[in-house]
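Spelled out, the chains give:
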Amino acid sequence: MDTLQRLEQVIAERRSASPDSSYVAKLNAKGIEKIAQKLGEEATETVIASLSGSREEVVGESADLLFHLLVLLQARRITLEEVMAELDRREGVSGLDEKASRSAKE
Ligand SMILES: N=c1c2ncn([C@@H]3O[C@H](COP(=O)(O)OP(=O)(O)OP(=O)(O)O)[C@@H](O)[C@H]3O)c2ncn1[C@@H]1O[C@H](COP(=O)(O)O)[C@@H](O)[C@H]1O
């Protein structure tokens, strides 16, 4: 089991904890809008760090971003496995085929 899978499991366990003792529970108690807002903030902070921050800052913000993405996915009942399967599927599609299928959908 890798780090993201372990974190996904911890987040699932902590969702039902007391919001006083758990950040994951606190975020979930506030609802999907708050979780989405936090993800947006962490994405912005990652972008800013990538442009003007140190290597350590980019690593730290990226960790915050991945963590909040996992919280959001769970709030939408989407598993990491589903996202990985989508990435695996794309791996099997050539760049040109992918572009063609995207423009066909538009
Ligand atoms: N990886 C993380 C993690 N990364 C970031 N954070 C929290 O994310 C928050 C982001 O910081 P901010 O200053 O933006 O947010 P804030 O001011 O605390 O919150 P708001 O004012 O926005 O409500 C901080 O409180 C961090 O502690 C995390 N909190 C928890 N985890 C993992 O989740 C597990 C379960 O955590 P609990 O739910 O707290 O038990 C932990 O063991 C960790 O493995």
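Residues numbered from 1 in each chain as written. Predicted model: local features only at pLDDT ≥ 70, side-chain atom pairs only at ≥ 80, totals over all residues. Heavy atoms only, no water.

A. Helix H2 (residues 23-30), seen in detail. Taken as a whole, H2 has its buried residues at Val 24, Ala 25, Leu 27 and Asn 28. Taken around the axis of H2, the buried residues stretch over an arc of 160°, which confines them to a single face. Buried residues along H2 sit against helix H1 (3-14), helix H3 (32-52) and helix H4 (55-75). The opening residue of H2, the one whose side-chain oxygen lies 3.3 Å from the backbone nitrogen of Val 24, is Ser 22. At the C-terminal side of H2, Gly 31 shows a positive phi close to 100°. (Buried < 20%, exposed > 50% of the residue type's maximum accessible area, 1.4 Å probe, protein only. Helix = DSSP H or I, 4+ residues; strand = E, 2+ residues; numbered from the N terminus. Arc of directions from axis to C-beta. Contact = heavy atoms within 4.5 Å. Polar contact = N/O pair within 3.5 Å; in protein donor to acceptor, adjacent residues only side chain to side chain.)

B. Spotlight on the site of the ligand. Neighbouring the ligand are 13 residues, the closest being Arg 14, Ser 22, Tyr 23, Val 24 and Lys 38. A distance of 3.0 Å separates an oxygen atom of the ligand from a polar atom in the backbone of Val 24. Between the ligand and Lys 38, the relevant distance is 2.7 Å, taken from an oxygen atom to a side-chain nitrogen or oxygen of the residue. Protein coverage of the free-state accessible area of the ligand, which is 840 Å², stands at 55%. (Near = heavy atom within 4 Å. Areas by Shrake-Rupley, 256 points an atom, 1.4 Å probe, with all protein chains shown as cover.)

C. Just the confidence of the model for the protein chain, in detail. Taken residue by residue, the protein chain gives an average pLDDT of 92. The fraction at 70 or more is 88%. Taken over the whole predicted complex, pTM reads 0.88, whereas the ipTM for its chain interfaces reads 0.90. (pLDDT = per-residue confidence, 0-100.)

D. Representation of the nonpolar core within the structure. Ile 11, Val 24, Leu 27, Ile 35, Leu 39, Phe 67, Leu 70, Val 71, Leu 72, Leu 73 and Leu 80 form the largest nonpolar core, which has eleven residues in total. Of all elements in the fold, only H2, H3 and H4 reach the threshold of two or more residues within this core. With five residues, H4 is the largest single contributor of residues to this core. Once you skip the residues sitting within four places of it in the chain, Leu 73 turns out to touch Ile 78 and Val 83. (Core = buried A, V, L, I, M, F, W, Y, C linked by side-chain atoms within 4.5 Å.)

E. Layout of the side chain of Thr 46. Examined against the element boundaries, Thr 46 turns out to sit in helix H3. You can call Thr 46 buried: its relative accessible area is 13%. A polar contact is formed between the side chain of Thr 46 and the backbone oxygen of Glu 42, at a distance of 2.8 Å. Beyond its immediate stretch of four places on either side in the chain, Thr 46 contacts Glu 61, Ser 62 and Leu 65.

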